[in-house]
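# Fold and contact review
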Amino acid sequence: DEAPAEVRPRLLEIILLARERWQGCYFLLTTRPGDVTFLIHEGFEQAKLAELSSAASIQLLERWTYALFSDAVEAEKFLEMARTAFARNPELGQMVSSPLAVAFLCWNYYASRTLPTSKASLYESVADWLIKSRSNQRIAENIDIATTRSILEVIAFLLLRGVGIQGPATVAGIDILV
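Quick look at the structure, then. Not measured: the values here are computed from a predicted model.

A few words now on the nonpolar core. With 18 residues, the main nonpolar core has Leu61, Phe78, Phe86, Leu105 and Leu115 as its most contacted residues. Put simply, the parts of the chain that give this core at least two residues each are helix H4 (72–88), helix H5 (90–95) and helix H6 (99–112). Among the elements that take part in this core, H4 stands out by supplying six residues, more than any other. Filtering out sequence-adjacent residues up to four positions away, leucine 61 remains in contact with Phe78, Leu79, Ala82, Phe86, Val102, Leu105 and Cys106. Ile15, Val36, Leu39 and Phe44 belong to the second-largest nonpolar core, a separate cluster that totals five residues.

Written out as structure tokens, the structure is:
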């Protein structure tokens, strides 16, 4: 919905080509409320996300935790660490009002056995993971990792700031649509 109406068909074509090219990957498209039937007709599923209440975010955090950790003692240890961190740093507690942030927080702990100290450190961990986990593919496709990092850092910064700008932007000499 951020793209001008005249380029949306081409954007959809690019998305569908990418999905066909990388069939083993999941594609998550986000949009503001609006007509997304064209995506549904192409096989995408629609899910509506909203900010979670405090109780719902804790419930989601607990569900993610017990799904990730088969050992109940380890799960309880993580939950206690999270509760302590949220009490000490309200920014972290506010962060889990987003289902995506809950998933990132659980993934971060599962991968590193540490909790982020801020939103910025969580986004940095996610960006590092994205870069490392796809390095071989980027090298095979001759994609510059430094450029990828720059773009991910801009996206993380925009997420951190609540997306203060929208529209075309240039990052590391590459035009992107934010």
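Here the narrative resumes.
Along its 14 residues, helix H1 (residues 8–21) runs 20 Å from first to last C-alpha, staying within 8% of the 20 Å computed at 1.5 Å per residue. Where H1 is buried, its residues meet helix H2 (37–41).

Next up on the list: the packing of H6 against helix H7 (residues 119–133). Between H6 and H7, the least distance of the axes is 10 Å, while the angle of their chain directions is 70°. The angle between the axes of H6 and H7 places the two elements in the roughly perpendicular class. Of the residues in H7, those touching H6 at Ala101, Phe104, Leu105, Trp107 and Asn108 are Leu122, Ser125, Val126 and Trp129. Counted by class, the contact of H6 with H7 contains seven nonpolar, two polar and no charged residues.

Counted under the stated rule, the structure contains four salt bridges. The partner of arginine 10 in a salt bridge is glutamate 13, with the nearest N and O atoms 3.2 Å apart. Remark: glutamate 13 and arginine 10 occur in helix H1; sequence separation between them is three residues, near one turn of the helix. Close ionic contact of glutamate 62 with arginine 83 constitutes a salt bridge, the shortest N to O distance being 3.4 Å. Residue glutamate 62 is found in helix H3 (residues 54–68), and its partner arginine 83 is found in helix H4; the two are separated by 21 residues along the sequence. The exposure class of glutamate 62 is partly exposed, given its relative accessible area of 26%. One salt-bridge network, in which partners are shared between bridges, spans Glu62, Glu80 and Arg83.

Moving on, we come to the packing of H3 against H6. Contact pair H3 / H6: the axes reach a minimum separation of 10 Å and the direction vectors enclose 35°. The two elements H3 and H6 cross, and the hand of that crossing is right-handed. For the pair H3 and H6, the contacting residues are Ser57, Leu60, Leu61, Trp64, Thr65 and Leu68 in the first and Pro99, Val102, Ala103, Leu105, Cys106, Trp107 and Tyr110 in the second. Partitioning the contact of H3 with H6 into residue classes produces 11 nonpolar, two polar and no charged.

With that out of the way, let us pick up the side chain of serine 118. Note that serine 118 resides in the loop between H6 and H7. Accessibility expressed as a relative area gives 19% for serine 118, which makes it buried. Setting aside anything within four residues of it in sequence, one finds serine 118 in contact with Glu91 and Leu92.

A word on unusual backbone geometry. With phi around 60°, arginine 113 is a residue other than glycine that occupies positive phi space. Looking at where arginine 113 falls in the secondary structure, it is placed in the loop between H6 and H7.

Calculation rules
- Residues numbered from 1 in each chain as written.
- Predicted model: local features only at pLDDT ≥ 70, side-chain atom pairs only at ≥ 80, totals over all residues.
- Heavy atoms only, no water.
- Core = buried A, V, L, I, M, F, W, Y, C linked by side-chain atoms within 4.5 Å.
- Buried < 20%, exposed > 50% of the residue type's maximum accessible area, 1.4 Å probe, protein only.
- Helix = DSSP H or I, 4+ residues; strand = E, 2+ residues; numbered from the N terminus.
- Contact = heavy atoms within 4.5 Å.
- Expected span 1.5 Å × (residues − 1).
- Axes fitted to C-alpha atoms, helices over the stretch in contact; angles between N-to-C directions.
- Parallel < 35°, antiparallel > 145°, perpendicular 65-115°, else oblique.
- Nonpolar A, V, L, I, M, F, W, Y, C, P; charged D, E, K, R; others polar.
- Salt bridge = Lys/Arg side-chain N within 4 Å of Asp/Glu carboxyl O.
- Left-handed = near helix turned anticlockwise from the far one by under 90°.

These results come straight from atomic positions and should not be treated as a statement about function.
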